[in-house]
Every structure is written in C-alpha cells, then in structure tokens.
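# Results of the structural survey
Letter by letter, the chains look like this.
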Amino acid sequence: MALADPASFAKKYGLKPGTPVLLYAMGDGNHSLATAKTIWEKTKEAAADKTAVLASPLRYALVELVNLHDNALNFAPIHRIIFEKPRADMS
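Residues numbered from 1 in each chain as written. Predicted model: local features only at pLDDT ≥ 70, side-chain atom pairs only at ≥ 80, totals over all residues. Heavy atoms only, no water.

Okay, the overall build of the chain next. A tally of regular secondary structure across the chain gives two helices and zero strands. A buried classification covers 7% of the 91 residues belonging to the chain. Of the accessible surface of the chain, which amounts to about 8,800 Å², a share of 60% is contributed by carbon and sulfur atoms. (Helix = DSSP H or I, 4+ residues; strand = E, 2+ residues; numbered from the N terminus. Buried < 20%, exposed > 50% of the residue type's maximum accessible area, 1.4 Å probe, protein only. Areas by Shrake-Rupley, 256 points an atom, 1.4 Å probe, with all protein chains shown as cover.)

So, in structure tokens, the structure goes:
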C-alpha cells in the first residue's frame, strides 16, 4: 500500500527518512467516537464471557474519511471572535 510506505510518505511531505507514517488522522468534533469507545470499553469490562463479547456490534464504529488534500474540497478553519463582552446584569 503506497499510502503506508515510509519512503513515499517522507518524500511527499518533505520529512526526514524514517519519520513514522501518519496514515489516517481523525478529528471528532462532536465526541461521538469517544462516546462509542467509552461504551465499548465499559461493555467489555462488564461482559461475563470475554470472548463472546468480541462479536458484539458495539466493537465497531462507522467513520467517514475525507481527503483534505483533494483540490475538490475547500476546507477552511472556523474562527470566532468576540467583539463585546456581555454585561453580567444582562438577562
């Protein structure tokens, strides 16, 4: 797999040879993956049969991978600026 080739990765991003490959980076804006992982960890811990629990659908998560380096996708950060601080006596 070319994506996981350390030499290709280093060359593409101008890194030193031997730099570990970052194959997938994931951001979870609404923490749903973190919640799913916590539920899975608690389920695994509480399971009477530690082998049978591995067949549970809770073990898997659905994710969407997006190539942010694709020119077809214009991705920009959202910046928020507060111009006026609300007064404490405002309801």
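With that settled, consider the pattern of salt bridges. All told, the structure shown has two salt bridges when counted by the stated rule. Put simply, glutamate 41 and lysine 37 hold a salt bridge, and the shortest N to O gap is 3.3 Å. Placement of both glutamate 41 and lysine 37 in helix H2 (residues 32-46) is noted, with a separation of four residues, approximately one turn of the helix. (Salt bridge = Lys/Arg side-chain N within 4 Å of Asp/Glu carboxyl O.)

The subject of this paragraph is a nonpolar patch on the surface. Together, Leu3, Leu23, Tyr24, Val63 and Leu65 make up an exposed nonpolar region whose accessible area comes to about 500 Å². Position of leucine 65 among the secondary structure elements: in the segment after H2. (Patch = residues over 30% accessible without salt bridge, like charges linked within 9 Å, V, L, I, M, F, W, Y side chains within 5 Å.)

Before going further, it helps to examine the environment of tyrosine 24. Examined against the element boundaries, tyrosine 24 turns out to sit in the loop between helix H1 (6-13) and H2. On the basis of relative accessibility, which here comes to 49%, the residue tyrosine 24 falls in the partly exposed class.

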